[in-house]
Amino acid sequence: MTYCVGMRLNKGLVFMSDTRTNAGVDDIAQVRKMRSWHVPGERVITLMSAGNLATTQAVVSLLDERTKAPEDRHPSILEAPSMFQIATIVGETLRQIVMRHNAEGPAAASPFRASLIIGGQIKGAEPRLFLIYPEGNFIEAGEDNPFFQIGETKYGRPIIVRSYDPAMSFEDAVKLLCVSFDSTIRANAGVDLPIDLKIHERDDYTTVRERRFERGDPYFDSVANGWAEALGIALAELPDFHF
């Protein structure tokens, strides 16, 4: 019941996540799945989550608590010297929480599993992006895997694979992700608006660029409708099939 994308560009990092957690007949709910930590002039970090809501909220709460009293609650992601170390801290926190719940629940661990995308930049280093698995291990985005998806990934992946360019502008990246999310929303009731957007521009530690697309947002609707119209035109212009 979610869809999140983290994308690595030459200009920086782009994050987008939906907010739906339940989509039953009489139980539709939403929760923000994107969380950021910002030390002006020094570092900016964003985390997105998919999976068991109790697990992901426990991870975020524990990470947040450590940042508020770092002298008593180590390790803090606001003190870690690198994004790799931050990913290690987050992965270990996730693993510990999943294992704690597993010990109390069914033998099958799947109800408590969660996946995370975390990225950001620390002054003096490159922007980095990581995908963290429920077991706590992780992989880093690079030239061969420049974006990560978690949650309901299959419907929105084809357009990103076809259109992604590391040199693209933030504006084009947002447009691309809006199409990816619209495709997913149309195909799966478990993903829906509002959608949260955050952009980390390379070497900018002071400006936090973020936006929420609510239902009926003029820009999101214009992209969704324009994409549907463009697809119809492109399909009509393809060569006709003949038996």
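Report follows, based on the coordinates. What you see as residue numbers is a count from 1 along each chain, following the sequence as written. Only residues with pLDDT of 70 or above have their local features reported here, since the model is predicted, and side-chain atom pairs are shown and tallied only from 80 upward, although totals for entire chains, interfaces and linings are computed over all residues. Calculated side-chain values reflect all of the structure's heavy atoms, with hydrogen atoms and water omitted.

**Quick look at the sheet that holds strand β8 (residues 128–132)**
Whether parallel or antiparallel, the strands of a sheet pair through hydrogen bonds between backbone atoms.
Logical step 1: Spatially, the five strands line up as an open sheet ordered β5-β6-β7-β8-β9, and their pairing is antiparallel. Edge strands, defined here as strands with exactly one partner in the open sheet, are β5 (34–39) and β9 (138–140). Within this sheet the neighbouring strands show an average axis-to-axis angle of 15°, counted without direction.
Logical step 2: Bridge count between β5 and strand β6 (residues 43–51): six bridges; the pairing is antiparallel. Each residue of the ladder has a partner; that of Ser 36, found in β6, is Thr 46.
Logical step 3: Whether two residues are in contact is decided by their heavy atoms: any pair within 4.5 Å suffices. As a rule, the C-alpha atoms of each element are fitted with a line to give its axis, helices using only the stretch in contact, and angles between N-to-C directions run from 0 to 180 degrees. For the purposes of this entry, the term helix denotes a DSSP run of H or I that reaches at least four residues, the term strand denotes a run of E that reaches at least two, and both are numbered from the N terminus. Of the strands in this sheet, β5, β6 and β7 (114–122) touch helix α1 (residues 53–68), which is tilted by about 10° from β5. Any two strands between which DSSP finds at least two bridges are classified as paired.

**As for the nonpolar core**
Logical step 1: Note on terminology: a nonpolar core comprises buried Ala, Val, Leu, Ile, Met, Phe, Trp, Tyr and Cys residues joined through side-chain atoms within 4.5 Å. Exposure categories follow from relative accessible area, calculated using a 1.4 Å probe and restricted to protein chains: below 20% of the type maximum is buried, above 50% is exposed, and the middle band is partly exposed. Grouped together as the largest cluster of nonpolar side chains are 28 residues, with contacts concentrated most on Met 7, Val 14, Met 16, Ile 160 and Phe 213.
Logical step 2: Ranked by residue count, the leading element in this core is helix α4 (residues 170–187), at nine residues.
Logical step 3: Beyond its immediate chain neighbours, meaning those up to four positions away, Val 14 contacts Val 5, Gly 6, Met 7, Leu 9, Phe 170, Ala 173, Leu 177, Leu 197, Lys 198 and Ile 199.
Logical step 4: Core analysis: the second largest hydrophobic core is formed by 22 residues, Val 60, Ile 86, Val 98 and Ile 122 among them.

**Some points on the sheet that holds strand β12 (residues 209–213)**
Logical step 1: With antiparallel pairing, five strands are arranged side by side in an open sheet as β10-β1-β2-β11-β12. Looking at strand neighbours, the two that pair on one side only are β10 (147–151) and β12, the edges of this open sheet. Direction aside, neighbouring strands of the sheet carry axes that sit 10° apart on average.
Logical step 2: With five bridges connecting them, strand β1 (residues 3–9) and β10 associate as antiparallel partners. Opposite Gly 6, over in β10, you have Phe 148 as the bridge partner.

**Some details on the side chain of Asn 188**
Logical step 1: Note on placement: Asn 188 falls in the loop between α4 and β11 (195–201).
Logical step 2: Only 2.6 Å separates the side chain of Asn 188 from the backbone nitrogen of Gly 190, close enough to count as a polar contact.
Logical step 3: Among all residues touching Asn 188, those that are not within four sequence positions of it are Glu 152 and Tyr 155. Any pair of N or O atoms that falls within 3.5 Å is considered a polar contact. Within protein, one atom must be able to donate a hydrogen and the other to accept it, and sequence-neighbouring residues count only if both atoms are side-chain atoms.

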